[in-house]
Amino acid sequence: MMVVNFIGSFALIVLGLYCMVAKHNLIKVIIGMGLVDYGTNLLIVSVGFHAGGTAPIFTIAELTRASFFVDPVPQALTLTSIVIGACTTAMSLSLVMMLRRQYGTLDTREIRRLNG
């Protein structure tokens, strides 16, 4: 089951990188950035998952050598990454809106040609 998560995350990352490198429309580039972000989040959560693990909320009396907890650090990193990804996407879309207003196009080749 976990192999499917790893394959899916790598597929999202590769597809996002392809969109960022090969596409010339700025909206498609931003979609590619989002795909890389989602693939990275899926990869981090998949690495931090342990089958049979419980939440790391316990008291000292409940703690034994047989206790098996899930590491909360990947989940915290993923939550932080989601917030950063949303902010990056919002900032990128606002920059694209300004570029569209300034140059009248979203094609990176045309913007480079117009800029000199």
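Residues numbered from 1 in each chain as written. Predicted model: local features only at pLDDT ≥ 70, side-chain atom pairs only at ≥ 80, totals over all residues. Heavy atoms only, no water.

Undergrad: Give me the lowdown on the overall build of the chain, citing residues and values where you can.
TA: Tallying secondary structure elements over the chain gives four helices and zero strands in all. Put simply, the chain runs from its N terminus to its C terminus through helices and strands in the order α-α-α-α. Against the globule reference of 13 Å for 116 residues, the chain gives a C-alpha radius of gyration of 20 Å, more extended than a compact globule. Here the C-alpha coordinates of the chain stretch approximately 70 × 25 × 15 Å along the principal axes. Here the chain holds 116 residues, and the buried ones make up 23% of them. Contacts spanning at least 24 positions in sequence make up 51% of the contacts within the chain whose residues lie at least 6 apart. (Helix = DSSP H or I, 4+ residues; strand = E, 2+ residues; numbered from the N terminus. Rg over C-alpha atoms; globule rule 2.2 N^0.38 Å. Buried < 20%, exposed > 50% of the residue type's maximum accessible area, 1.4 Å probe, protein only. Contact = heavy atoms within 4.5 Å.)

Undergrad: Describe the confidence of the model for the chain, with residues and values.
TA: Across the chain, pLDDT averages 88, with 93% of residues at or above 70. The least confident element of the chain, judged by mean pLDDT, is helix α4 (residues 108–115) at 78; the most confident is helix α1 (residues 2–22) at 95. (pLDDT = per-residue confidence, 0-100.)

Undergrad: Any details on the packing of helix α2 (residues 26–48) against helix α3 (residues 73–103)? Residues and values, ideally.
TA: The geometry of α2 relative to α3 is characterised by a closest axis approach of 10 Å and an angle of 180 degrees between their N-to-C directions. Here α2 lies roughly antiparallel to α3, going by the angle between them. Across the interface between the two elements, Leu26, Ile27, Ile30, Met33, Asp37, Asn41, Ile44, Val45 and Gly48 from α2 touch Pro74, Thr78, Ser81, Ile82, Gly85, Thr88, Thr89, Ser92, Leu93, Val96 and Leu99 from α3. Looking at the contact of α2 with α3 residue by residue, the class counts come to 11 nonpolar, eight polar and one charged. (Axes fitted to C-alpha atoms, helices over the stretch in contact; angles between N-to-C directions. Parallel < 35°, antiparallel > 145°, perpendicular 65-115°, else oblique. Nonpolar A, V, L, I, M, F, W, Y, C, P; charged D, E, K, R; others polar.)

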